[in-house]
Amino acid sequence: MKHLFFLGCMTLLLISCSEDTSNTMFVTGNVKGLKKGTIYLQHVPDSTLVTIDSLEVDGDGSFTFKTKLESPEIFYLYLNKEDYNDINDRISFFGEPGNITINTKWDTFDTNAKIEGSATQKKLEEYRKIMTKFNKRSLEILQTTANREVALTPEQIDSIEEVSHKNIQRGYAFALNFALNNRDSYIAPYIALTEVSDANIKYLDSINNSLTPEVAGSKYGKALQNFLELRKKKE
């Protein structure tokens, strides 16, 4: 009887000591070629960038971070590689519970990063890939007006402005449709807030009203709801 009681107490102790990792994000990876520096895990809980954890690197670019999440959101890996250069030192990624792997190189830290393990990150990469095309087109249009030996006529300027405006409109339309078509992803309210927050409120309302309950209750889902309420009061 005493033996059974002892086993029961041990079982309860093990259960109580076991860690609930259902809302925990594990970020692991390697910065190839990094010999010395500091890697920081950061996010923006409200409006200020906050460091959650950091790791001193000395000879090995491998890193591991663990943090609890209230809901999926954007995180940052910041690398201080002691080269007195702040360019290409921060990777942004959509964090969510589970294991996320980030592998990159010290000299192309943000441009060469390969991020695995986050479904929302994959959606973000899909979105950015298309938006890059619209941004490149805008740059091409701008370049047609630069470094010209002969000044453009008013008609040519109007034509270029019209082409530019249409390209911007297509970019907006794509962003709005991407959010609407991914209403069950945390990417939807994030795009609405960060990419097209100045769009016609009826379109933002459509995105907000289409969100699944889980997404609507997330950090960006709640932020979108609050943002729309404030905009409606001002209009």
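Rules used in this analysis
Residues numbered from 1 in each chain as written. Predicted model: local features only at pLDDT ≥ 70, side-chain atom pairs only at ≥ 80, totals over all residues. Heavy atoms only, no water. pLDDT = per-residue confidence, 0-100. Contact = heavy atoms within 4.5 Å. Pairing = 2+ DSSP bridges. Helix = DSSP H or I, 4+ residues; strand = E, 2+ residues; numbered from the N terminus. Phe/Tyr/Trp six-rings, centres within 6.5 Å; stacked < 30°, edge-to-face > 60°. Buried < 20%, exposed > 50% of the residue type's maximum accessible area, 1.4 Å probe, protein only.

Caption draft 1: Seen up close, the confidence of the model for the protein. Summing up the model confidence of the protein, the mean pLDDT is 88 and the portion of residues at 70 or higher is 88%. A low-confidence stretch, residues 1-17 (pLDDT under 50), is modelled with zero contacts involving residues beyond four sequence positions or located in other chains.

Caption draft 2: Quick look at the pairing of strand E7 (residues 98-105). Across eight bridges, the pairing between strand E1 (residues 24-32) and E7 is parallel. Pairing of Met-25 across the sheet is with Gly-98, part of E7.

Caption draft 3: Structural view of the packing of aromatic side chains. The final tally for this structure, using the stated rule, is 10 aromatic pairs. Relative to Phe-178, the ring of Tyr-127 has its centre 5.5 Å away and its plane inclined at 55°; by these criteria the two rings are tilted. One end of the pair, Tyr-127, is in helix H2 (residues 119-143); the other, Phe-178, is in helix H3 (residues 154-181), and 51 residues separate them in sequence. Each member of the pair, Tyr-127 as well as Phe-178, carries the same accessibility label: buried. Ring centres 5.7 Å apart and planes at 50° place the aromatic pair Phe-174 and Phe-178 in the tilted group. One end of the pair is Phe-174 and the other is Phe-178, both in helix H3 and four residues apart, which spans about a single turn. Note on Phe-178: relative accessible area 7%, which makes it buried. Ring pairing ties together the aromatic residues Tyr-127, Phe-134, Phe-174 and Phe-178, which thus form one cluster.

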